[in-house]
Amino acid sequence: MLQFNPAHRCTVEEALSDPYLESLHDPEDEPTCSSHFNFNWEHEELTVERLRDLILEEMVCYHPELKPEVDVYYKEKAAAAAVAAADGEGGKAEK
């Protein structure tokens, strides 16, 4: 039943009909999904900064009262990026 390669794994229905899971199997109480899941996010290249942003987004979902503080963080981050970009452009112009 357990396979490292996803192509060799059994389906959910096959797993639930396995004798090992017989005590957990209840066809009357097992909904099915009508569409496939989209796991494209698993292929995203994560930098430390992007991971931090994703954690903050998730945190705000569960603690909306923190949104003002997170908004301040993003404003400060954008301002710092603007200053860095301006400094970088200034340095290029001087050369």
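Preceding this paragraph is the structure being described.
Residues numbered from 1 in each chain as written. Predicted model: local features only at pLDDT ≥ 70, side-chain atom pairs only at ≥ 80, totals over all residues. Heavy atoms only, no water.

Chemist: A description of the packing of aromatic side chains should follow, citing residues and the corresponding values.
Modeler: Across all of its chains, the model carries two aromatic pairs by this definition. Centroid distance Phe37 to Phe39: 6.0 Å. Interplanar angle 35°. Geometry classified as tilted. (Phe/Tyr/Trp six-rings, centres within 6.5 Å; stacked < 30°, edge-to-face > 60°.)

Chemist: Talk me through the state of the cysteines; I want residue IDs and the actual numbers.
Modeler: Applying the stated criterion across every chain yields a total of zero disulfides. Left unpaired, Cys10 is separated from the closest cysteine sulfur, that of Cys33, by 17 Å. (Disulfide = S-S within 2.5 Å.)

Chemist: Kindly report on the pattern of salt bridges, identifying the contributing residues and their values.
Modeler: For the structure on display, the rule yields five salt bridges. Its salt-bridge partner being Arg50, residue Glu57 comes within 3.9 Å of it at the nearest N-O pair. Residue classification places Glu57 among the partly exposed residues on the basis of a relative accessible area of 42%. Using a relative accessible area of 29% as the deciding quantity, one classes Arg50 as partly exposed. Linking Lys77 and Asp53 is a salt bridge whose minimum nitrogen-to-oxygen distance equals 2.8 Å. Note that Lys77 is positioned in helix α3 (residues 67–94) and Asp53 in helix α2 (residues 48–62), a separation of 24 residues in sequence. Look at Asp53 and you get buried, because its relative accessible area is 11%. One salt-bridge network, held together by shared partners, links Glu44, Arg50 and Glu57. (Salt bridge = Lys/Arg side-chain N within 4 Å of Asp/Glu carboxyl O. Buried < 20%, exposed > 50% of the residue type's maximum accessible area, 1.4 Å probe, protein only. Helix = DSSP H or I, 4+ residues; strand = E, 2+ residues; numbered from the N terminus.)

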